[in-house]
Amino acid sequence: MDKKISSAVIKRLPRYYRYLSELLDQEIDRISSQELSKQMNVTASQIRQDLNNFGGFGQQGYGYNVEILKGEIGKILGLDRQYQVIILGAGNLGQALANYVGFERRGFIVSAIFDIDKKKIGQPVGNLKVYDMAELPQYVEENSVDIAALTLPKAKAPEVAKELDKMGVHAFWNFAATDLDLPSEAVVENVHLAESLMRLSYNIANPVKK
C-alpha cells in the first residue's frame, strides 16, 4: 500500500475487527456507520474516514456487510495468514501468554518458549515445553519464526533481540521495560504494562468533567 496510514487509524483497526466479530456472533449481517459508532464510541464520520483509507467498503443506503467488512479489515491487519510466535522468558507473564488460547484463533501460533532457568527447562507450559535458551539459534534455524515475544528482564531483552534479529527474526512483541536498539527494518510493538497503569492512574487523579 503506497498511501501512508496514520498510527491512530491503525490503532483503531483491531477495535473494528473485534466489534465486527461480536456482531457476527449476534448474527447481525449488516450495520450502518451510525449504528457502529454508538457501539464503538467513535463518530460515524470518523469510521467512514478510517475505512475510506482502504476503499470504503460501504454502500449508500445499505451500510456495511459485517462479514465482508470483517474479512477486509482482517486482510488489512494481515490476519489472513498464520504467524509462528516464540516466547523468550518462561516467567509468569511468558507462561500466561503461552496458555492464552485466543492467539491461535487470530492466527498467532505460539510454537515454543525459552528460558535459562534449569528448573523450568523441560517443564510443560500448556501444550509446550520450555526449551533451554542455548537451543534458540538451532530452533530458529530449523523452524519458521515470525514474531518473538520478549518477557525478559530489561537488562537481557535488548541483547536477545539483537541476536534474534541477526538470526532473521525481525518482529518483536516487547514486554520488557526497556526500548530495543534494532535496525530500522525491524518491527517492534512495545507493551509497557507499568506505563499503562500510570496512564490509568493519571485519568483517575484527573477525571474529565462531563
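Residues numbered from 1 in each chain as written. Predicted model: local features only at pLDDT ≥ 70, side-chain atom pairs only at ≥ 80, totals over all residues. Heavy atoms only, no water.

Enquirer: Just checking my understanding: could you explain the overall build of the chain for this structure?
Expert: Across its full length, the chain carries 9 helices and 9 strands. Counting across all 210 residues of the chain, residues that qualify as buried make up 38%. Residue pairs at least 24 apart in sequence account for 54% of intrachain contacts in the chain once pairs closer than 6 positions are excluded. On the chain, roughly 13400 Å² of surface is accessible, and the fraction owed to carbon and sulfur atoms is 49%. Charge separation in the chain, taken as the distance between the mean sites of 25 positive and 26 negative side-chain charges, equals 8 Å. (Helix = DSSP H or I, 4+ residues; strand = E, 2+ residues; numbered from the N terminus. Buried < 20%, exposed > 50% of the residue type's maximum accessible area, 1.4 Å probe, protein only. Contact = heavy atoms within 4.5 Å. Areas by Shrake-Rupley, 256 points an atom, 1.4 Å probe, with all protein chains shown as cover. Lys, Arg positive; Asp, Glu negative; His and termini not counted. Charge placed at Lys NZ, Arg CZ, Asp CG, Glu CD.)

Enquirer: Explain the packing of aromatic side chains here, please?
Expert: Centre-to-centre distance and the angle between the planes together describe a pair of aromatic rings. For the structure on display, the rule yields 7 aromatic pairs. Plain terms: the ring middles of F103 and W173 are 5.6 Å apart, the flat faces sit at 80 degrees to each other, and that makes the pair edge-to-face. Separated by 70 residues along the polypeptide, F103 in helix α6 (residues 102-105) and W173 in strand β8 (residues 171-174) bring together distant segments of the chain. A relative accessible area of 17% places F103 in the buried class. Aromatic side chains W173 and F175 sit 4.7 Å apart centroid to centroid with 65 degrees between the ring planes, which places their arrangement in the edge-to-face category. On the basis of relative accessibility, which here comes to 25%, the residue W173 falls in the partly exposed class. With a relative accessible area of 13%, F175 lands in the buried category. (Phe/Tyr/Trp six-rings, centres within 6.5 Å; stacked < 30°, edge-to-face > 60°.)

Enquirer: Hey, could you run me through unusual backbone geometry in this one?
Expert: Glycine aside, residues mostly have negative phi angles, and peptide bonds mostly take the trans form. You will see that E27, though not glycine, has its phi angle at about 60 degrees, which is positive. Relative to the helices and strands, E27 is located in the loop between α1 (7-25) and β1 (30-31). Positioned with a positive phi, N41 is a non-glycine residue whose angle comes to about 60 degrees. Positionally, N41 belongs in the loop between α2 (33-40) and α3 (44-52).

Enquirer: Quick question: what am I supposed to make of the side chain of R12 here?
Expert: Mapping R12 onto the fold places it in helix α1. Of the polar contacts made by the side chain of R12, one reaches the side chain of D50; its length is 2.6 Å. Those residues in contact with R12 that lie beyond four places of it in its chain are Q46 and D50. (Polar contact = N/O pair within 3.5 Å; in protein donor to acceptor, adjacent residues only side chain to side chain.)

Enquirer: Looking at this model, I keep getting lost on the sheet that holds β8. Mind explaining?
Expert: Sheets are built from strands paired through backbone hydrogen bonds, the pairs being either parallel or antiparallel. Taken in spatial order, the 7 strands of this open sheet run β5-β6-β4-β3-β7-β8-β9, and their pairing is mixed. Every other strand in the sheet has two partners, leaving β5 (124-125) and β9 (187-190) as the edge strands with one partner each. Where strand β3 (residues 83-88) lies against strand β4 (residues 108-115), 6 bridges are found, and the strand directions are parallel. Across the sheet, I87 pairs through a bridge with I113, a residue of β4. Strands β3, β4, β5, β6 (128-132) and β8 of the sheet are contacted by helix α5 (residues 92-99), whose axis makes an angle of about 150 degrees with β4. Sitting on the sheet, helix α8 (residues 157-167) is in contact with β3, β7 (147-150) and β8, with an inclination near 170 degrees to β7. (Pairing = 2+ DSSP bridges. Axes fitted to C-alpha atoms, helices over the stretch in contact; angles between N-to-C directions.)

Enquirer: Even after reading the chapter, I still don't get the packing of α1 against α2, so can you show me in this structure?
Expert: Each packed pair of helices is defined by two parameters, the angle between the axes and the distance between the axes. Look at α1 against α2: their axes get within 11 Å of each other, and the N-to-C directions meet at 105 degrees. Between α1 and α2, the angle is such that the two are roughly perpendicular. Of the residues in α2, those touching α1 at R15, Y16, Y19 and L23 are L36, Q39 and M40. Each residue belonging to the contact of α1 with α2 can be placed in one class, and the counts come to 5 nonpolar, 1 polar and 1 charged. (Parallel < 35°, antiparallel > 145°, perpendicular 65-115°, else oblique. Nonpolar A, V, L, I, M, F, W, Y, C, P; charged D, E, K, R; others polar.)

Enquirer: Just checking my understanding: could you explain α8 for this structure?
Expert: An α-helical turn contains 3.6 residues, so any two residues separated by three or four positions project in the same direction. Taken together, the buried positions of α8 are occupied by A157, V160, A161, L164 and D165. The buried residues of α8 occupy one face: seen down the axis, they fall within an arc of 140 degrees. In α8, the exposed positions angled more than 90 degrees off the buried face are occupied by E159 and K166. Considering only its buried residues, α8 is in contact with β3, α7 (136-142), β7 and β8. (Arc of directions from axis to C-beta.)

Enquirer: Help me understand a nonpolar patch on the surface in this model?
Expert: Together, L197, L200 and I204 line one region of the surface with nonpolar side chains, adding up to about 340 Å² of accessible area. We classify I204 as exposed; its relative accessible area is 63%. (Patch = residues over 30% accessible without salt bridge, like charges linked within 9 Å, V, L, I, M, F, W, Y side chains within 5 Å. Salt bridge = Lys/Arg side-chain N within 4 Å of Asp/Glu carboxyl O.)

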